[in-house]
Amino acid sequence: MDLADLRMFRTIVEAGSVTRAAERLNTVQSNVTTRLRQLEEDLGTLLFDRINRRLVITPAGTLLASYAERLLCLADEARDAVRRADQPEGLLRLGSMETTAATRLPGVIATFRRAHPRVELRLSTAPTARLVQEVLAHQLDAALVSGPLIHPDLESRAVVAEELVLISAADWAPIENAADLVRRGPVELFTFREGCAYRQRLFEWMQREGIPIARSSEFGTFEAILGCVAAGMGISLVPRAIIGAHLGDKDPGRATLRVHPAPSDLARSITVMIWHRARSHQPARQAFADCLADRLGTIEK
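Per chain, the residues get numbers from 1 upward, laid out in the order the sequence is written. This being a predicted model, a pLDDT of at least 70 is required before a residue's local features are given, and a value of 80 or more before pairs of side-chain atoms are given or counted; all residues contribute to the totals for chains, interfaces and linings. Only heavy atoms go into the side-chain values, all of them from the structure, while hydrogens and water stay out.

(A) Expanded view of the overall build of the protein chain. A tally of helices and strands in the protein chain yields 11 helices and 11 strands. For 301 residues, the compact-globule formula gives about 19 Å, and the C-alpha radius of gyration of the protein chain, at 32 Å, lies well above that figure. Principal axes of the C-alpha set define a box for the protein chain whose edges measure 110 × 35 × 35 Å. Looking at the protein chain as a whole, 42% of its 301 residues qualify as buried. A separation of at least 24 residues holds for 77% of the contacts in the protein chain among residues at least 6 apart in sequence. Side-chain charges in the protein chain split into 38 positive and 37 negative, and the spacing between the mean points of these groups amounts to 4 Å. In this text, helices come from DSSP runs of H or I with a minimum length of four residues, and strands from runs of E with a minimum of two, each type numbered from the N-terminal end. For a compact globule the rule gives 2.2 Å times the number of residues to the power 0.38, and the radius of gyration it is set against comes from C-alpha atoms. For each residue, the accessible area found with a 1.4 Å probe, counting protein chains only, is set against the maximum for its type, and the residue is called buried under 20%, exposed over 50%, and partly exposed in between. The contact rule is simple, with two residues in contact once any of their heavy atoms fall within 4.5 Å. When charges are counted, Lys and Arg contribute as positive and Asp and Glu as negative, whereas His and the chain ends are disregarded. Where a charge sits is defined by one atom per residue type, namely NZ (Lys), CZ (Arg), CG (Asp) or CD (Glu).

Written out as structure tokens, the structure reads:
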């Protein structure tokens, strides 16, 4: 029994006779009769009683007719779904760093949802290391992480270049170099949780330069980091784009943060979109990547 058998059987039920069914199927009557008998033999039961050269459906035939309708509808649905596979639709699980989600994605997501209403976009935030693991485990379809990132199972696409800056409370003296921090004595760091690429950069630089670290505190949101730094408790390394009103651009007297230039090897970070190489064809993900490029422009890696 295959779909062709079920279509033939359904046509006989609808037409009420083999002759009319053959006409609808554009075939000869003997072909329909032979296939009907083969179907009955395959199922081991009569689907029609032959009474005075008329076909009367049996209880078994009635039962099969209900299954045939459902199976054929499901087959049509599957065929339509596959034919639409190149159209963005369905669930798109996107991960992002907290700072990128806050500063870069709101407008992109709004534009994307208007353009692709059939895509259900779900966004979650986490540090880079965790996002990479979730993409590798197929728990996310794509993620925006700090690059560069090279992995044999991942593809990547540059999204935006972030300027990273050291920040302190507004009343701190300028930090021109590592020696200025050394003179301050042990410094407390405020960072995102372990696995954050910005956190790793800051720790590696301070250890390399011999800057004493008093302690480090980790948070899940950038607002908490900015608040602690603004209170004069320590420093952090963050994208300039998240600082915003803390710098008091309209009223310098109300600034709560001071920006210090980061060393050249810290100052530029490329945010990249990553996805699993094994999932090369996913129209919703590609559409989102295109939307990112349209809204944020394109950059060189």
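From this point, the narrative continues.
(B) Representation of the pattern of salt bridges. For this document, the term salt bridge refers to a Lys or Arg side-chain nitrogen within 4 Å of an Asp or Glu carboxyl oxygen. Scanning the entire structure with this criterion turns up 18 salt bridges. Arg118 is the salt-bridge partner of Glu89, the closest N and O atoms lying 3.0 Å from each other. Of this pair, Glu89 sits in the loop between helix 4 (59–83) and strand 3 (90–96) while Arg118 is found in the loop between helix 6 (105–115) and strand 4 (119–125), placing the two residues 29 residues apart along the sequence. Taking relative accessible area as the criterion, Glu89 reaches 25% and is therefore assigned partly exposed. Judged by relative accessible area, which is 53%, Arg118 ranks as exposed. With a shortest N-O distance of 2.9 Å, Glu120 and Arg122 are connected by a salt bridge. Ionic contacts of the salt-bridge type, sharing partners, join the residues Arg93, Asp141 and Arg279 into one network.

(C) Inspection of helix 7 (residues 128–136) at higher detail. Among the residues making up helix 7, those that are buried are Thr128, Leu131, Val132, Glu134, Val135 and Leu136. For helix 7, the secondary structure elements touched by its buried residues are strand 3, strand 5 (142–146), strand 6 (154–169), helix 9 (197–209) and strand 11 (268–276). Just downstream of helix 7 lies His138, where phi reads positive at about 60°.

(D) Expanded view of the state of the cysteines. The definition used for a disulfide is geometric: two cysteine sulfur atoms within 2.5 Å. With the rule as written, the count across this model stands at zero disulfides. Free cysteine Cys228: the closest other cysteine sulfur is in Cys196, separated by 15 Å. Residue Cys228 is classed as buried on the basis of its relative accessible area of 16%.

(E) Region of interest: the packing of helix 1 (residues 3–15) against helix 3 (residues 29–43). Lines are fitted to the C-alpha atoms to define the axes, a helix being fitted only along its stretch in contact, and any angle between axes, read from their N-to-C directions, falls within 0 to 180 degrees. Following both chains from N to C, one finds helix 1 and helix 3 inclined at 110°, their axes separated by 10 Å at the closest point. Taken together, the axis directions place helix 1 and helix 3 in an arrangement best described as roughly perpendicular. Both helix 1 and helix 3 take part in a crossing whose hand is left-handed. Across the interface between the two elements, Ala4, Asp5, Met8, Phe9 and Ile12 of helix 1 pack against Val32, Arg35, Leu36 and Leu39 of helix 3. When residue character is reported, Ala, Val, Leu, Ile, Met, Phe, Trp, Tyr, Cys and Pro are called nonpolar, Asp, Glu, Lys and Arg charged, and the others, Gly included, polar. Of the residues belonging to the contact of helix 1 with helix 3, the class tally is seven nonpolar, no polar and two charged. Here the angle decides the label: under 35 degrees means roughly parallel, over 145 means roughly antiparallel, 65 to 115 means roughly perpendicular, and every other value means oblique. Crossing handedness is defined as follows: a turn of the near helix away from the far one that is anticlockwise and smaller than a right angle gives a left-handed crossing, while the clockwise case is right-handed.

(F) Geometry of unusual backbone geometry. Cis peptide bonds are those with omega within 30 degrees of zero, and the linkage from Gly147 to Pro148 qualifies with 0°. Position of Pro148 among the secondary structure elements: in the loop between strand 5 and strand 6.

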